[in-house]
Amino acid sequence: FVAWRSPHPTPFILFTCADWCYQSQFSCDHQCNSKYFIDCDGRYQSPINVVTRKTLLDERLTPFKFTNYQQIFRGFIKNNGHSVQVGVPHLSTISGGGLSTTYKAVQFHLHWGNSKGPGSEHTIDGEQYPMELHIVHMKHHYTDLSTALADQEGVAVLVASSTVNKYSLNVFVSDGNTSLPPVSLAQLLPPEQNLTSFYRYKGSLTTPGCTEAVVWTLFENTIPLSSDQLRAFFDLKFHDGKPMVDTFRPVQPLNGRQVFRSGATVALTSTALLVAALASALGLSQLN
Ligand SMILES: [Zn+2]
């Protein structure tokens, strides 16, 4: 813990670490804990808990324009020892949604828990979901992620949380092969008309080096996954051979950041109103 607290802290400490780990990897060398990545102690880190009543409506958060999101590709699955990542051809882009420019898709990956507990990174009003999908994009004029990360808004990540459901599309889980059945990014997300309600804030990568260069979009609608699909992930292994479980970073302090919401948060509001109306009709509101 001394190295980066020297009078001349350098971001290059990152390269002195061979690796890093999640809390679920007990045998991890302390040298390689994320505490050694200087940016991971920054003020604008991710993930966060979104307190919906504290979000601010922002009319500029218009619906996204998805281009080539229907394009079918055969993604190559890479178990990078921390997660399962799928590279995508840089043809699919997003714009609108309050983004300053067009961003192109680079890769997607997932964060999950274990057989007994949820594993999303972001939480909404304290609720953690079983799994979280990250589709990582970078500004269209960059050619690699490391360059994009030098730009404060160089990277845009679309987030969809999953709920466990009996019915779902079989798109996430392959049978252990390293290439995915042909999919499009559109197939990974809820239908486009259900993507107009989202939260927006600025944060960081959720893995080392935790660079604060990410425009986050958290869709309110969730993806249904079957428990079988989810279970397949618990059989994956970290590089050290331990089960690849709990691949999420805990929520980080907001430190004064404002979380915005798009204009169309109909679903949540109406559900809340409906529940309130029901409670009132049933006389439950008298109980407290
Ligand atoms: Zn991620």
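- Per an unreviewed UniProt entry, the protein goes by the name Carbonic anhydrase and belongs to Periophthalmus magnuspinnatus.
- Looking at the Subcellular location (unreviewed entry) heading of the UniProt record, one finds this comment for the protein: "Cell membrane".
- What UniProt states about the protein under its Sequence similarities (unreviewed entry) heading is, verbatim, "Belongs to the alpha-carbonic anhydrase family."

### Some words on the overall build of the protein
- Along the protein, the regular secondary structure elements total four helices and 15 strands.
- Looking at the protein residue by residue over its 288 residues, the buried ones come to 37%.
- Expressed as a percentage of contacts within the protein between residues at least 6 apart in sequence, the contacts between residues at least 24 apart total 71%.

### Concerning the sheet that holds strand E8 (residues 123-124)
- Read across the open sheet, the three strands follow the order E1-E8-E9; overall the sheet is mixed. The sheet is open, and its two borders are formed by strand E1 (49-50) and strand E9 (127-128), each paired with just one other strand.
- Sheet topology note: the E8/E9 ladder contains two bridges and is antiparallel. Residue threonine 123 lies in a different strand from E9, and its bridge partner there is glutamine 128.

### Quick look at unusual backbone geometry
- For the peptide bond that leads from serine 46 to proline 47, omega is 0°, which places it in the cis range.
- With respect to the element layout, proline 47 can be found in the segment before E1.
- Residue proline 208 is joined to glycine 209 through a cis peptide bond whose omega torsion reads 0°.
- Looking at the secondary structure, you find glycine 209 in the loop between strand E12 (198-203) and strand E13 (214-219).
- A positive phi angle, near 60°, is found at cysteine 210, a position not held by glycine.
- Among the secondary structure elements, cysteine 210 is positioned in the loop between E12 and E13.
- Residue cysteine 210 is classed as buried on the basis of its C-beta count, with 25 C-beta atoms lying within 10 Å.
- Backbone geometry places aspartate 246, a non-glycine residue, at a positive phi of 55°.
- Examined against the element boundaries, aspartate 246 turns out to sit in the loop between helix H3 (227-234) and strand E15 (260-261).
- Assessed through the 17 C-beta atoms surrounding it within 10 Å, aspartate 246 is described here as partly exposed.

### Thoughts on the confidence of the model for the protein
- When pLDDT is averaged along the protein, the result is 80, and 75% of the positions lie at 70 or above.
- Across residues 1-18, confidence stays below pLDDT 50; counting only partners more than four residues off in sequence or on other chains, it has 19 contacts.
- Note on residues 166-177: pLDDT is under 50 here. Beyond four places in sequence and across chains, it has 17 contacts.

### A short note on the pairing of strand E4 (residues 76-79)
- Where E4 and strand E5 (residues 84-87) come together, four bridges link them in antiparallel fashion. Paired with isoleucine 77 across the strands is valine 86, a residue of E5.
- A loop of four residues connects E4 with E5, the two strands running antiparallel in sequence, and glycine 81 in this loop sits at a positive phi of about 90°.

### Quick notes on the environment of histidine 109
- With respect to the helices and strands, the residue histidine 109 is situated in strand E7 (residues 103-112).
- On the basis of neighbour counts, which here come to 20 C-beta atoms within 10 Å, the residue histidine 109 falls in the buried class.
- Taking the C-alpha atoms as reference, histidine 109 lies 9.9 Å from asparagine 79; in sequence the two are 30 residues apart.
- Histidine 109 has contacts with Ser83, Val84, Gln85, Val86 and His134, leaving out every residue within four places of it along the chain.

### Points about the pairing of E12
- With five of six residues buried, E12 is to be regarded as a mostly interior element.
- Strand direction decides the pairing type here: E12 and E13, joined by six bridges, are antiparallel. By the bridge assignment, tyrosine 199 is partnered in E13 with leucine 218.
- By the bridge criterion, two bridges tie E12 to E15 in an arrangement that is antiparallel. Directly across from tyrosine 199, in E15, lies its bridge partner arginine 261.

What counts and what doesn't
- Residues numbered from 1 in each chain as written.
- Predicted model: local features only at pLDDT ≥ 70, side-chain atom pairs only at ≥ 80, totals over all residues.
- UniProt positions renumbered as here; feature names shortened; annotations may be inferred.
- Helix = DSSP H or I, 4+ residues; strand = E, 2+ residues; numbered from the N terminus.
- Buried ≥ 20, exposed ≤ 12 C-beta atoms within 10 Å, placed from the backbone.
- Contact = placed C-beta atoms within 7 Å.
- Pairing = 2+ DSSP bridges.
- pLDDT = per-residue confidence, 0-100.

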